[in-house]
Amino acid sequence: MSWRKIFAQGATVLALGLLDALGIWAFSSLLLRGEYWMAAGLSVALGLINWIYLSKRTYPLKYLIPGLLFLTLFVLYPVGYNIYIAFTNYGTGHILSKEQAIAQFESKFYLPPDTETFRYSVFQREGGTEFVFLFYPEDGPVLFARKGEVTPVDPGDQDFLDEDSDGVIDGVQGYRRLALPELVRNLSTLQAMAFPLGEKILRMTSLQEFSAYEHRYRYDPEADALVDLLSGTVYRPVEGFFTSPEGEILLPGFTIVVGWRNFFALVTNPQISGPFFRVFAWTFAYAFFSVLLTFALGLFLAYHLNNPYLRLRRAYRMLLIVPYAIPAFISVLMWRGFFNTEVGVFNQILYSLFGVKIPWLQDPFWAKVALLLNNLWLGFPYMMIISLGALQSIPEELHEAAQIDGASAWQRFWRITFPLLLVSLAPLLIGSFAFNFNNFTNIYLLTEGRPPIPGALTPAGSTDILISYTYRLAFEGQRGNQYGLASAVSILIFLIIGTISWINFRFTRALEEVSENV
């Protein structure tokens, strides 16, 4: 066996050993957290990886596994999780699981009016950060508290020092009693400390004393109910909230599966469906007119730049590609300044010529016009480049033959040039439509989806497209983040883009068949 092969096998065993060590650590952590299904999946995955890289019969899989692993982590898992979220009420007020919400309620305490109080002393080592306590109840033994544990002690023990014999303990186990000014300096830390005492908990209520707090809520798993021990009210889970018979809800809520509710809300709830369909229609219009305008201008320029008798056409080409060379987000921010109603360059020109100022970013119609103009500036160089390439691939003999037959310039363009251009450009135009369908950058940097749609229950703006609407649903809602609803919209976007891609492939094949007959 060669040294190279020995080294490769050693490296494989070493890498598998490290992976297994990490896997065993993760497996143990998952078991301790009660994540049994994830632990089982991890153990199966580790077993498969070891088998694939140690067996000679699985040679091809050794090269496929890394790609499949990253595909699962960064594509399949996010997609699957997004689909799951779309069928839940996950969002503001419903971030926690039911178990986490119950644990949060059971960690709440209240102070009964006749509760027991404790005088106390706090001790700390010189230069240390740990505090220990002595609690003096009205009745019963003195209590010593350290690291969350409370134990009864005898103050006369040799561990407790009364240096000036005044009856007050000055030191314990190397800790020194803090004076009142030192207590005040550490007040926020001391107020956050708590010590269990049977079913109760000791917490600071003033500089002079601690008090015994009692649990406010107790969860009954058999009845699936949360009982308020202070008022006796029973709360039951309703629509992701613990709710009393009178309709009072406790916050926070928890995540539940709501089925198709988010999808139905997009269609049946007028306050959601109204803005949604306006956004939906504008998304198609924005993508369609963006492609139409950029293609028309790009083709017009390319047609003239393709004329061999045009003087300085190389200089024109260089100048016309400048918008394409500037980063898009910088261009959009520049145009946002140009569209400023008061100081923007467009309104200054219009005002000097016609005495008018257009509310570019405040009026819904003019905001859409501004978006299309901005996208025309960003997109026409791309259309000009691809059109120029396609024009140069059309045989000149076709035009010469048509000219001999008496065809006019318009007839030669419309009957010969344009159909042949579509053969190569149609897939790119469909791809451009799909790109503009999700052109989040242009929308968000120029208008942020605004101006808002009056009366909308969701954060929908007049210039929002579906992708920006989804983002604002998830992160900018006035009523909180609605991740479930945003995930439902993202699934609709996926279906639309998937349909466009399918049409693209079908249309490409159809045009290829047409080109074979030319």
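Anything mentioned here points back to the structure above.
Every chain is numbered independently, its residues counted from 1 as its sequence is written. Side-chain atom pairs in this predicted model are given and counted only at pLDDT of 80 or more, local residue features only at pLDDT of at least 70, and totals for whole chains, interfaces and linings cover all residues. Where side-chain values are given, they derive from all heavy atoms of the structure, hydrogens and water being excluded.

Engineer: I tried to follow the overall build of the protein on my own but got confused; where do I start?
Structural biologist: Secondary structure elements are taken from DSSP: a helix is a run of H or I of four residues or more, a strand is a run of E of two residues or more, and numbering for both begins at the N terminus. Helix and strand content of the protein: 18 helices and 16 strands. The quantity called the radius of gyration is restricted to C-alpha atoms. Its globule counterpart is 2.2 Å times the number of residues to the power 0.38. A compact globule built from 518 residues would reach a C-alpha radius of gyration of about 24 Å, whereas the protein, at 36 Å, exceeds it by more than 25%. C-alpha atoms of the protein, sized along the principal axes, occupy 125 × 85 × 50 Å. Here the protein holds 518 residues, and 36% of them are scored as buried. We call two residues in contact whenever any of their non-hydrogen atoms come within 4.5 Å of each other. Contacts spanning at least 24 positions in sequence make up 58% of the contacts within the protein whose residues lie at least 6 apart. Computed with the Shrake-Rupley method and a 1.4 Å probe, the accessible areas treat only the protein chains shown as cover for residues. Of the roughly 30,900 Å² of accessible surface on the protein, a fraction of 64% belongs to carbon and sulfur atoms. Residues scored as charged are limited to Lys and Arg (positive) and Asp and Glu (negative), so that His and the chain ends carry no count. To locate a charge, the coordinates of NZ of Lys, CZ of Arg, CG of Asp or CD of Glu are taken. Separation between the mean location of the 36 positive side-chain charges and that of the 42 negative ones in the protein comes to 16 Å. Accessible area is worked out with a 1.4 Å probe on protein chains only. A residue is then buried under 20% of its type maximum, exposed over 50%, and partly exposed in between.

Engineer: I tried to follow the sheet that holds strand β15 (residues 241-243) on my own but got confused; where do I start?
Structural biologist: Backbone hydrogen bonds hold the strands of a sheet together, and the pairing may be parallel or antiparallel. Pairing within the open sheet is antiparallel, and its 5 strands lie in the order β12-β13-β14-β15-β16. This sheet does not close on itself; its edge strands, each paired only once, are β12 (217-220) and β16 (249-250). Two strands qualify as a pair provided that DSSP identifies no fewer than 2 bridges between them. As paired elements, β12 and strand β13 (residues 225-228) share 4 bridges and run antiparallel to each other. Bridged to Y217 within β13 is D228. Between N-to-C directions, angles cover 0 to 180 degrees, with each direction set by a line fitted to C-alpha atoms, over the stretch in contact for helices. Relative to the sheet, helix α4 (residues 98-106) contacts β12, β13, β14 (234-238), β15 and β16, its axis offset from that of β12 by approximately 145°.

Engineer: Got a minute to help me understand unusual backbone geometry in this structure?
Structural biologist: Excluding glycine, residues mostly have negative phi values, and the peptide bonds linking residues are mostly trans. That bond from L251 to P252 is cis: its omega, 5°, falls within 30 degrees of zero. Within the fold, P252 resides in the loop between β16 and α7 (261-268). In the segment running from R450 into P451, the intervening peptide bond is cis, with an omega of 5°. Unusually for a residue other than glycine, D224 sits at a positive phi of about 50°. Among the secondary structure elements, D224 is positioned in the loop between β12 and β13. Although it is not a glycine, E448 adopts a positive phi angle of roughly 55°. Mapped onto the fold, E448 is located in the loop between α16 (440-446) and α17 (466-475).

Engineer: So what exactly am I meant to see when it comes to the side chain of S462 here?
Structural biologist: If you trace the backbone, S462 turns up in the loop between α16 and α17. Here S462 falls in the buried class, since its relative accessible area comes to 6%. In contact with S462, other than residues within four places in its own chain, are R278, W282, P364, K368, G449, P451, P452 and I453.

Engineer: How should I be thinking about helix α2 (residues 36-54) in this particular structure?
Structural biologist: The α-helix winds at 3.6 residues per turn, so residues separated by three or four positions along the chain end up facing the same way. The span expected for a helix works out to 1.5 Å for each residue beyond the first. Under the 1.5 Å per step criterion, the end-to-end length of α2 is 27 Å for 19 residues, consistent within 8% with the ideal 27 Å. When we look at burial in α2, the residues that qualify are A39, L46, I49, N50 and I52. Down the axis of α2, the smallest arc covering the buried residues is 165°, so these residues share one side. In α2, the exposed positions angled more than 90 degrees off the buried face are occupied by Y36, W37 and V44. In this fold, the buried residues of α2 make contact with α1 (3-32) and α3 (61-86). This arc corresponds to the set of directions leading from the helix axis out to the C-beta atoms.

Engineer: When you look at the pattern of salt bridges in this model, what are you seeing that I'm missing?
Structural biologist: Think of it this way: side chains of opposite charge can pair up when their charged atoms draw near. The salt bridge criterion pairs a side-chain nitrogen of Lys or Arg with a carboxyl oxygen of Asp or Glu, the two atoms within 4 Å. This model, assessed by the stated rule, comprises 12 salt bridges. With a shortest N-O distance of 3.7 Å, R177 and D170 are connected by a salt bridge. Put simply, E448 and R450 hold a salt bridge, and the shortest N to O gap is 3.1 Å. Looking at E448, the relative accessible area reads 27%, which means it is partly exposed. Counted as one network, the salt bridges with shared partners bring together E126, R176 and E182.

Engineer: Help me out: how do you make sense of the packing of aromatic side chains in this one?
Structural biologist: Aromatic ring pairs are reported here in terms of the distance separating the ring centres and the angle at which the planes meet. Pairing of aromatic side chains requires ring centres within 6.5 Å, counting the rings of Phe and Tyr and the six-membered ring of Trp. Pairs whose planes differ by under 30 degrees are stacked, by over 60 edge-to-face, and all others tilted. Evaluation of the coordinates by the stated rule reveals 52 aromatic pairs. Centroid distance F87 to W260: 4.9 Å. Interplanar angle 85°. Geometry classified as edge-to-face. Linking F87 in the loop between α3 and α4 with W260 in the loop between β16 and α7, this pair joins segments that are 173 residues apart in sequence. Among the aromatic residues, those joined into a cluster by ring pairs are W335, F338, F339, F346, W360, F365, W366, W377 and F380. Cation over ring: R125 sits above Y175, and NZ or CZ is 4.3 Å from the ring centre. Lysine and arginine charges are scored as sitting over a ring when NZ or CZ, respectively, is within 6 Å of the ring centre and within 35 degrees of the ring normal.

Engineer: Please explain the environment of P452 as it appears in this structure.
Structural biologist: If you trace the backbone, P452 turns up in the loop between α16 and α17. The spatial distance from the C-alpha of P452 to the C-alpha of V168 is 68 Å, given a sequence separation of 284 residues. Other than its neighbours up to four places away in sequence, P452 contacts A460, G461 and S462.

Engineer: I'm lost on a nonpolar patch on the surface in this one. Help?
Structural biologist: Residues enter patches when their relative accessible area tops 30% and they take part in no salt bridge; the joining distance is 9 Å for like charges and 5 Å for the nonpolar side chains Val, Leu, Ile, Met, Phe, Trp and Tyr. Among the surface-exposed residues, L61, L64, L68, L69, F70, L71, L73, F74, V75, L76, V79 and I83 lie close enough to one another that they form a single nonpolar patch of about 1,100 Å² accessible area. Tracing the backbone through its elements, the reader meets V79 in helix α3.

Engineer: Just to check I follow, could you spell out helix α11 (residues 328-338) for this structure?
Structural biologist: Turning to α11, its buried residues number three or more, namely S331, V332 and W335. End-on view of α11: buried residues confined to an arc of 100°, all on one side of the axis. Contact partners of the buried residues in α11: α12 (345-354), α13 (364-392) and α16.

Engineer: Before we go on, may I ask you to explain the side chain of N436 in this structure?
Structural biologist: Along the chain, the position of N436 falls in helix α15 (residues 409-437). N436 gets classed as buried once you look at its relative accessible area, which sits at 5%. Pairs of N or O atoms are called polar contacts if they sit within 3.5 Å, as long as, within protein, a hydrogen donor faces a hydrogen acceptor (for residues adjacent in sequence, only side-chain-to-side-chain pairs). At 2.8 Å, the side chain of N436 and the side chain of N375 are in polar contact. When neighbours within four sequence positions are excluded, N436 is seen to be in contact with Y286, A287, S290, V291, N375 and I465.

Engineer: Sorry, what's going on with the packing of α1 against α2 here?
Structural biologist: Helix packing geometry: the angle between the two helix axes and the distance between the axes. Running from N to C, α1 and α2 point in directions that differ by 170°, and their axes come no closer than 9 Å. Here α2 runs roughly antiparallel to α1, going by the angle between their axes. Here α1 contributes T12, L16, L19, D20, G23, I24, A26, F27, L30 and L31 to the contact with α2, which in turn contributes Y36, M38, A39, L42, S43, L46, I49, N50, Y53 and L54. Its residues assigned to classes, the contact of α1 with α2 shows 15 nonpolar, 4 polar and 1 charged. Any angle that is under 35 degrees is reported as roughly parallel, and any over 145 degrees as roughly antiparallel; angles of 65 to 115 degrees are reported as roughly perpendicular and all others as oblique. Note on residue categories: nonpolar means Ala, Val, Leu, Ile, Met, Phe, Trp, Tyr, Cys or Pro, charged means Asp, Glu, Lys or Arg, and polar means any other residue, Gly included.

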